[in-house]
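Coordinate analysis (summary)
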Amino acid sequence: MSRPAMPAENELLIKHLDGQRRHVLGILEGLDEGALRRPVLPSGWSCLGLVRHLTENDERFWFRCVVHGESEIIATLSRTANAWQVDPDVPAAVVLDRYRQEIDHANAVIAATPLDAGPAWWPPDQFGDWRLDSVREVLLHMISETACHAGHLDAVRELIDGRTWLVNSA
């Protein structure tokens, strides 16, 4: 009996990361501008702020800075405002589109870089002794990070209007 072909490791990792990215966007579908901006937890972040964090501090930082070493983005890191906050003049659709665009950039970097490749850049003095040593490790970190934040959005969405995402009921 022959076994079905397994997808390449990079395809499998991207598939899982994309699943979490879809979860982030999917749990927010149907929320109006006010609900996307409303802080629900005592820490004060909003759904839109979390998406901006995923865009700037996760997708852009890990793939375009760490993996690809894009110097023009690295040069602006210290000048980036708190990514968890969204200017009231920036429409929600723009924040969500920027997340989708950053995902496209990240996927292009992933496709062009071997999983065993080391970081092109590492932030000096930012993480102490902790370090990711390959694109594979960055992908695994991003799957975890995105899944964690998707879970945060699940809880907040349920608090906003009771909607849940793919919950199995007994």
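Residues numbered from 1 in each chain as written. Predicted model: local features only at pLDDT ≥ 70, side-chain atom pairs only at ≥ 80, totals over all residues. Heavy atoms only, no water.

A look at the overall build of the protein
The helix and strand tally for the protein stands at six helices and zero strands. When the elements of the protein are put in sequence order from the N terminus, they spell out α-α-α-α-α-α. The globule rule puts the C-alpha radius of gyration for 170 residues at 15 Å, and the 17 Å found for the protein is close to it. Seen through its principal axes, the protein has C-alpha atoms that stretch 55 × 45 × 30 Å. Put simply, the protein has 170 residues, and 40% of those count as buried. Put simply, the protein shows about 9,700 Å² of open surface, and 53% of that area lies on carbon and sulfur atoms. For the protein, the distance from the average site of its 16 positive side-chain charges to the average site of its 25 negative ones is 3 Å. (Helix = DSSP H or I, 4+ residues; strand = E, 2+ residues; numbered from the N terminus. Rg over C-alpha atoms; globule rule 2.2 N^0.38 Å. Buried < 20%, exposed > 50% of the residue type's maximum accessible area, 1.4 Å probe, protein only. Areas by Shrake-Rupley, 256 points an atom, 1.4 Å probe, with all protein chains shown as cover. Lys, Arg positive; Asp, Glu negative; His and termini not counted. Charge placed at Lys NZ, Arg CZ, Asp CG, Glu CD.)

Focus: the environment of C148
By secondary structure assignment, the location of C148 is in helix α6 (residues 135–161). C148 sits in the partly exposed class, given a relative accessible area of 42%. It is 10.0 Å that separates the C-alpha atoms of C148 and V24, two residues lying 124 residues apart in sequence.

Some words on the packing of helix α1 (residues 9–28) against α6
The interhelical angle for the contact between α1 and α6, taken along N-to-C directions, is 20°, at an axis separation of 9 Å. Between α1 and α6, the crossing angle belongs to the class labelled roughly parallel. Crossing of α1 against α6: the hand is left-handed. The segment α1 lies against α6, with E9, L13, H16, L17, Q20, R21, H23, V24, I27 and L28 engaging R136, L139, L140, M142, I143, T146, A147, A150, L153, D154 and R157. Classifying every residue of the contact of α1 with α6 gives twelve nonpolar, four polar and five charged. (Axes fitted to C-alpha atoms, helices over the stretch in contact; angles between N-to-C directions. Parallel < 35°, antiparallel > 145°, perpendicular 65-115°, else oblique. Left-handed = near helix turned anticlockwise from the far one by under 90°. Contact = heavy atoms within 4.5 Å. Nonpolar A, V, L, I, M, F, W, Y, C, P; charged D, E, K, R; others polar.)

Overview of the nonpolar core
Judged by nonpolar contacts, the single largest core of 24 residues is most densely connected at L28, C47 and L153. Listing elements by their share of this core, those giving two or more residues are α1, α2 (33–37), α3 (47–67), α5 (92–112) and α6. Here L153 is in contact with V24, I27, L28, W45, C47 and L50, once residues within four sequence places are set aside. Within the second largest apolar cluster, 22 residues are counted, among which are W62, F63, V66 and L139. (Core = buried A, V, L, I, M, F, W, Y, C linked by side-chain atoms within 4.5 Å.)

Quick notes on α5
Between its first and last C-alpha, α5 extends 31 Å over 21 residues, near the 30 Å set by a 1.5 Å rise per residue. A92, V95, L96, Y99, E102, I103, A106, V109 and I110 are the residues of α5 that are buried. With its buried residues spanning 135° around the axis, α5 presents them on a single face. Away from its buried face by more than 90 degrees, α5 exposes D104, A111 and A112. Where α5 is buried, its residues contact α1, α2, α3 and α6. (Expected span 1.5 Å × (residues − 1). Arc of directions from axis to C-beta.)

Examining unusual backbone geometry
We note that D125 has phi near 60°; this positive angle belongs to a residue other than glycine. As for its position among the elements, D125 is in the loop between α5 and α6.

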